Protein chains: 4
Amino acid sequence: MAPAGTQRGILERLDAGEIVVGDGGFVFALEKRGYVKAGPWTPEAAAEHPEAVRQLHREFLRAGSNVMQTFTFYASDDKLENRGNALSFTGQQINEAACDLAREVANEGDALVAGGVSQTPSYLSCKSENDVKDIFKKQIDVFIKKNVDFLIAEYFEHVEEAEWAVQVLKTSGKPVAATMCIGPTGDMHGVTPGDCAVRLVKAGADIVGVNCHFDPLTCVKTVKLMKEGVEKAGLKAHYMVQPLAYHTPDCNCQGFIDLPEFPFALEPRILTRWDMQKYAREAYNAGIRYIGGCCGFEPYHIRAVSEELSQERGLLPAASEKHGLWASELKMHTKPWVRARARRDYWETIKPASGRPQCPSMSVPDSWGVTKGHAELMQQKEATTQEQLQPLFEKTVKTNGI
Amino acid sequence: MAPAGTQRGILERLDAGEIVVGDGGFVFALEKRGYVKAGPWTPEAAAEHPEAVRQLHREFLRAGSNVMQTFTFYASDDKLENRGNALSFTGQQINEAACDLAREVANEGDALVAGGVSQTPSYLSCKSENDVKDIFKKQIDVFIKKNVDFLIAEYFEHVEEAEWAVQVLKTSGKPVAATMCIGPTGDMHGVTPGDCAVRLVKAGADIVGVNCHFDPLTCVKTVKLMKEGVEKAGLKAHYMVQPLAYHTPDCNCQGFIDLPEFPFALEPRILTRWDMQKYAREAYNAGIRYIGGCCGFEPYHIRAVSEELSQERGLLPAASEKHGLWASELKMHTKPWVRARARRDYWETIKPASGRPQCPSMSVPDSWGVTKGHAELMQQKEATTQEQLQPLFEKTVKTNGI
Amino acid sequence: MAPAGTQRGILERLDAGEIVVGDGGFVFALEKRGYVKAGPWTPEAAAEHPEAVRQLHREFLRAGSNVMQTFTFYASDDKLENRGNALSFTGQQINEAACDLAREVANEGDALVAGGVSQTPSYLSCKSENDVKDIFKKQIDVFIKKNVDFLIAEYFEHVEEAEWAVQVLKTSGKPVAATMCIGPTGDMHGVTPGDCAVRLVKAGADIVGVNCHFDPLTCVKTVKLMKEGVEKAGLKAHYMVQPLAYHTPDCNCQGFIDLPEFPFALEPRILTRWDMQKYAREAYNAGIRYIGGCCGFEPYHIRAVSEELSQERGLLPAASEKHGLWASELKMHTKPWVRARARRDYWETIKPASGRPQCPSMSVPDSWGVTKGHAELMQQKEATTQEQLQPLFEKTVKTNGI
Amino acid sequence: MAPAGTQRGILERLDAGEIVVGDGGFVFALEKRGYVKAGPWTPEAAAEHPEAVRQLHREFLRAGSNVMQTFTFYASDDKLENRGNALSFTGQQINEAACDLAREVANEGDALVAGGVSQTPSYLSCKSENDVKDIFKKQIDVFIKKNVDFLIAEYFEHVEEAEWAVQVLKTSGKPVAATMCIGPTGDMHGVTPGDCAVRLVKAGADIVGVNCHFDPLTCVKTVKLMKEGVEKAGLKAHYMVQPLAYHTPDCNCQGFIDLPEFPFALEPRILTRWDMQKYAREAYNAGIRYIGGCCGFEPYHIRAVSEELSQERGLLPAASEKHGLWASELKMHTKPWVRARARRDYWETIKPASGRPQCPSMSVPDSWGVTKGHAELMQQKEATTQEQLQPLFEKTVKTNGI
């Protein structure tokens, strides 16, 4: 097993034209396993329940991930203490624990460790550039101390905040990736994907792309727009995509947050492994080489990405010992009509039923149009009160007629 | 932490009118995590990757499970070597490892260990009663050696085989539960749920019910029919239900195996946590007191069962530290329109969209009508050949017009 | 053109094993054309707008109908003046006009005239047997005077009222058909289809079956149950089916009246011509020989029935001059991809999309369980008041959460 | 009743800001009634079965139409004899009969007669401008002889052909309307709606808009784009919309022709009367004043348009004698739960179920991309042969996997 640092770096790999398979999102997966709270979505489990976080890292590694992303999403100090989120660990403790876990598992295979930062309440609350950058700086200090292999600034809705993050990350001297949680219409202020990408590259990002908020094919489309923008500007970059594992054809610019099913009724939208194989192929064909996942991804989704690209990568992931290509393992099923499903064309064309005849296939997203600077988005240490909730409840009832 | 044996037994609890929360199915959950192969569905991971099995046990324990079922589904010797399923562990090794893992985690909380056996290829291949019973006997020997707290005969499609299993399990002197994977129309030979239950009770089962193959509300309905049968016969039993976590309104008598989506495109059918709360309430109202899950259940589904019945049980599960009742944790979300969803009526009435406008809501199940004794169901050590597959492929194409 | 009376009678045809194609429902078709009011559903258009009624008769005749049913549905005196339905024609005028129109068009082809009566408000209001029979008697008097070819008692929810109707119709000496608007679970008091049919045959009906309230395949299933009942009782009858042209998989015992979409949002449920061909074949295979339609049927639906059975009948309907079998006329389309649809297998297997991604595929029917004798069903001459409506509105809101 | 010519003209009405309600499409409505053949879609019924055409005119008049469009769609000589469409009437006879019928019914109320021409096979076959114009000229000659009130050039996919049509129509000295069957992405060569509209106005059209091919809200959106284009160009025009009565969210640029359900399985997409009221309001709010319908419209759809705009127009249509505003006539229904639906909010928010759980909500349109000049679109007098069909069948199978 390779000790830290002996692995080939992220840019070496991408420069050589290799495919880098990312991991999946931890907050959703660990919420279902019982270790993350959905409202704040903070990653204190890294310190509280390391065995659960370690196991999830391992499963992604087995599924073929080349990157163990530190479980530090929303681990900025301002986010950790938002709206009454009382934690018994400090931000530094959480960030350090997350780095240790990622490194431990990365060293069990051919994986790099990436330290991650994400959007901050401070930015939404209109804090100054310096204040916001200080928030990022604290996390970077841990990443440098723990010597991660590269850095990711992810889940930014406003390109300005993403630029600030990249500028801070660049001070580390490590390779920097930057992904925004935007769709084809661009960021919350209407900056197009192409323009966002150009600004991020100019700020110093080596790899640009999108993560979260939209389904895989929408994300691939958005990264294509980014690539076109970067190329038109005469710049160079690597491209990356880490989408949702949920179908979101009905989203508007703010993505799945606006869907009425977010976050506790998204089940019918979960992608199958076959959907994932299509995604991996589309992403590859679009020239994207860092291909991973975000919320909703389970290890088998990443395995599907790895299997689809196994010819190009020249290897199958460890977890394929328990999976045949295109369902060939069904040949071993006891029932003959299930053995009859052991073939590619069956699964490649299936249109899976929802089993929910009283439910629609698309929703109408909430569209409150609230973004940076709105009073309702302000950072607040104290728990949300019933008085604060009441007008929100009423607003929904009026809008949706529920 | 209580040592083995000091816990109050399963019958003590049920006789006292307590609710016993079961765990969820391991084969589907571990298939998604990369440790179980879908065709054979055998549990060698207990020996190969104990850390993964242990972690899943822990998650169910945290979610409120009072029973750690040994991961011994399909761990009979005849099933372990079916159709070329080459394993590097013996049946005994797998069964022993599974018992150790279940006991280790059960002792971390208030849980009992249940040793489980399930339907055998030997029965489908028309082996004699003695041969089939010998198969069960081998697993029981391990369960006795490892001193599990009680035994479960589960996933039987034919009441005759279930009776044989119960008769063998009874020789252990331990409490015996028996669940069939049938729906309201009864077993594969048309024996009604009521008659099945009566025969199982007469064979010695203390607890009867159903598991797998159908969605929660269908399973509750089937157990109600069992209860009516048992009561009409003047007998007594406890009742148990461990359904799928998939909506299956379109199933026929053989359950989800017949659905075209089985097993790799069931995602759109996954129940939400709110669906689970309805299920737990319905099961409770039907007089069922052993309430758990089977394929498709993830830890958060069991947590939802535990939360729905928290008043009756007088406690919340450990994992509720990361979950508010009826989405109250969304009060801590940054976005106001998501905070507006922090209320029961929102989630109780939601009709979640599938995000798949080109897919239907119901499928037409395969209905090959093949059961015990059919040539295509015979036990076969060698791998299925391409020559064997071809006629099956052709049959499907003709039937489905695909 | 044959003068009245020279046609071979309905029983001659059925006794000879011939297929009799019925017509479609007039109230729904004429509501869409602007001549029938949906709440009362009364047939005053026969007197007010004879050209519209005549044209619809002609279209069904062209489509292959062998029966012109008088447009006398709900034309009993008690129904004509219910809840403020102020009409400028008497019941006798309407019934006579309807007979004249049916005869005029029947004589343009090979069709018989059937005089029809249907359920009465008097029965629902618990009037005496004599009172209810007097109501039917008034319509029969017109049918005798106008010398229709046979009589139909249709759309009965309670077998008792249907028996009374048959008894009155039999006094005419003409052949009598009787159809109830029930599904497989039987009439509003739970009398099974088999028992209903036996009672109707014993009351004197020559032809029995069902009409309205359920979709074609459900109706065929119900008539099968009737046939089994009649045969088991050692009786003889001919069988008849006149279903809805709406898919109603989600109905309970009271049929489409209970569906939330009734009557003004049923569009997505309308059967295609291909659905109709399946229906005609199923009905024929079930031994039903009088095959027609009810609410929702348009002339092209009846043409589809006629085309499906054209081999057995030995003729194509007149309207097939404008229609090819299995879409062969699409060979003449300008666009090649539409010409590519000129084939049977294309249309036989199509699963047509709703174009409504925000709508479900099934509804939850209202189930107020209100039937004969309930105060809310009482006959009332005066218009419904706002005071009477208010509690009904509130009841719905409470039930549906709308 | 007003004699021909004494009515206020179309431009007088529009200049005065009045709403003009159009009629619905005749070919689809009469196909269902048995008088039009779907492949060729030609209007010979005007001569063959005048009573059927007259009745449909009357129903639209009763529903509130201010325009009786002559039933001359596809009545150009080249189209009448395409691909073996053997007719016993000449083009002139059909066009004249259609004019007479429209005038007869128009004079029964407050309606104008509009002579209509539409796209020609000659244009698709790359005939010269003169040849195409000669085709139009023949129909105009009849319209002038029969003294229609104004002219409509409709259903053009290529703006060039529409311009030619307008130029010919202008020679009559009568007001000219021009509508294309395009969506928001413009004509078959990508000319935007705004540019199309500008060219049509410059060619002499007084009224511009779209008809057919897309659902109402898409058509309103397209006309908005036309209006913006015309206004940006500093020109003036009136605006007109005559959409489908089918929901088509899944269409691409060629509209519903490309949908797999075209033309014989569109039923689930039919708009309700409530959908139509939304459409009428949207069209009105967009500044469109000539508001009618095309394929799929039945008289009750036009009545819904008239009822929605009854305040603005100051009148209700005749057919509203059989319809209450917002379902108020349901107050007269016998069943109390149906009376409970006699209110606006019930119908305004209903999400009607399809009753088809095995069908999707959206389809994938065919996209052969075949347009003007392609060999497969060439005019051909002889019937399509089986040899010509075979490659088309094969192409579909390959594309759709059916």
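- Named according to an unreviewed UniProt entry, chain A is Hcy-binding domain-containing protein originating from Denticeps clupeoides.
- In its Function (unreviewed entry) section, UniProt records this for chain A: "Involved in the regulation of homocysteine metabolism."
- In its Pathway (unreviewed entry) section, the UniProt entry covering chain A states "Amino-acid biosynthesis; L-methionine biosynthesis via de novo pathway; L-methionine from L-homocysteine (BhmT route): step 1/1."

### Here we look at the overall build of chain A
Part 1 of the argument: The secondary structure content of chain A amounts to 17 helices and eight strands.
Part 2 of the argument: Taken against the 2.2 N^0.38 rule, which gives 21 Å for 402 residues, the C-alpha radius of gyration of chain A at 21 Å falls within 12% of a compact globule.
Part 3 of the argument: Principal axes of the C-alpha set define a box for chain A whose edges measure 60 × 55 × 45 Å.
Part 4 of the argument: Each of the 402 residues in chain A was classed as buried or not, and the buried ones make up 68%.
Part 5 of the argument: Pairs at least 24 residues apart make up 77% of the contacts formed inside chain A by residues separated by at least 6 positions.
Part 6 of the argument: Counting every atom, chain A has about 12600 Å² of accessible surface; 51% of that belongs to carbon and sulfur.
Part 7 of the argument: When the 46 basic and 52 acidic side-chain charges of chain A are each reduced to a single mean position, those positions are 5 Å apart.

### Some remarks on the packing of aromatic side chains
Part 1 of the argument: Following the criterion strictly, the structure yields 88 aromatic pairs over all chains and no others.
Part 2 of the argument: Centre to centre, the rings of C:W41 and C:F262 are 6.4 Å apart; their planes meet at 45 degrees, and the pair counts as tilted. Of this pair, C:W41 sits in the loop between helix 2 (26-33) and helix 3 (45-48) while C:F262 is found in the loop between strand 7 (238-242) and helix 12 (273-285), placing the two residues 221 residues apart along the sequence.
Part 3 of the argument: Taking relative accessible area as the criterion, C:W41 reaches 5% and is therefore assigned buried.
Part 4 of the argument: With relative accessibility at 2%, the residue C:F262 sits in the buried group.
Part 5 of the argument: For the ring pair D:F136 and D:F156, a centre distance of 5.9 Å and an interplane angle of 70 degrees mean the geometry is edge-to-face. Remark: D:F156 occurs in strand 4 (residues 150-156) and D:F136 occurs in helix 8 (residues 129-145); sequence separation between them is 20 residues.
Part 6 of the argument: For D:F156, a relative accessible area of 0% gives the class buried.
Part 7 of the argument: Every member of this aromatic cluster is reached through a ring pair, and the members are A:F28, A:W41, A:Y246, A:F256 and A:F262.
Part 8 of the argument: Between the NZ or CZ atom of B:R289 and the centre of the ring of B:Y284, over which it lies, the distance is 3.9 Å.
Part 9 of the argument: For the cation-ring pair, C:K79 lies above C:Y74, with the distance from its terminal atom to the ring centre recorded as 4.3 Å.

### Side note on the environment of B:W326
Residue and element names in this part refer to chain B.
Part 1 of the argument: For W326, the location among the structural elements is in the loop between helix 14 (310-313) and helix 15 (336-339).
Part 2 of the argument: Sequence separation between W326 and R341 is 15 residues; the distance between their C-alpha atoms is 9.5 Å.
Part 3 of the argument: For W326, the contacting residues outside a window of four places in its chain are W274, Q277, E308, A342, R343, R344 and E348.

### Some details on the pairing of strand 5 (residues 176-180) of chain C
Side chains on a regular strand alternate between the two faces of the sheet.
All names here are of chain C.
Part 1 of the argument: Counting buried positions along strand 5 gives five out of five residues, so the element sits mostly inside the fold.
Part 2 of the argument: Where strand 4 (residues 150-156) meets strand 5, four bridges bridge the pair, whose relative direction is parallel. If you follow I152 over to strand 5, its bridge partner there is A177.
Part 3 of the argument: The β-α-β motif built from strand 4, the intervening helix 9 (residues 159-170) and the parallel element strand 5 has right-handed crossover chirality.
Part 4 of the argument: In terms of strand pairing, strand 5 meets strand 6 (residues 207-211) through four bridges, oriented parallel. Among the inter-strand pairings, A177 is bridged to a residue of strand 6, identified as I207.
Part 5 of the argument: Of the crossover connections in this fold, the one passing from strand 5 over helix 10 (residues 193-203) to the parallel strand 6 is right-handed.

Calculation rules
- Per chain, the residues get numbers from 1 upward, laid out in the order the sequence is written.
- Each chain is given a letter, starting from A, and each ligand a number, starting from 1, according to the order in which they appear as written.
- Totals for whole chains, interfaces and linings use all residues, but because this is a predicted model, local features are given only for residues with pLDDT of at least 70 and pairs of side-chain atoms are given and counted only at 80 or more.
- The basis for every side-chain value is the complete set of non-hydrogen atoms in the structure, without hydrogens or water.
- UniProt positions are given in the numbering used here, feature names are shortened, and annotations may be inferred rather than shown by experiment.
- Strands here are runs of E lasting at least two residues and helices are runs of H or I lasting at least four, both read from the DSSP assignment and numbered beginning at the N terminus.
- Atoms considered for the radius of gyration are the C-alpha atoms alone. The globule rule reads 2.2 Å times the number of residues to the power 0.38.
- Here the term buried applies to any residue with accessible area under 20% of the maximum for its type, exposed to any over 50%, and partly exposed to those in between, with areas from a 1.4 Å probe on protein chains only.
- Contact between two residues is taken to exist if any of their heavy atoms lie within 4.5 Å; hydrogens are not considered.
- Each accessible area is a Shrake-Rupley estimate made with a 1.4 Å probe; only the visible protein chains count as cover when residues are assessed.
- His is not counted, nor are the chain ends, whereas Lys and Arg count as positive and Asp and Glu as negative.
- One atom stands in for each charge, and that atom is NZ of Lys, CZ of Arg, CG of Asp or CD of Glu.
- The rule is short: rings of Phe, Tyr and Trp, with Trp giving its six-membered ring, pair when the centres are within 6.5 Å, and they are stacked under 30 degrees, edge-to-face over 60, tilted in between.
- Whether a charge sits over a ring comes down to the Lys NZ or Arg CZ being within 6 Å of the ring centre and within 35 degrees of the ring normal.
- Being paired, for any two strands, means DSSP has found at least two bridges between them.
- Assignment of crossover handedness uses the view with strands pointing away from the viewer, where a clockwise path from the first strand over the helix to the second indicates a right-handed crossover.

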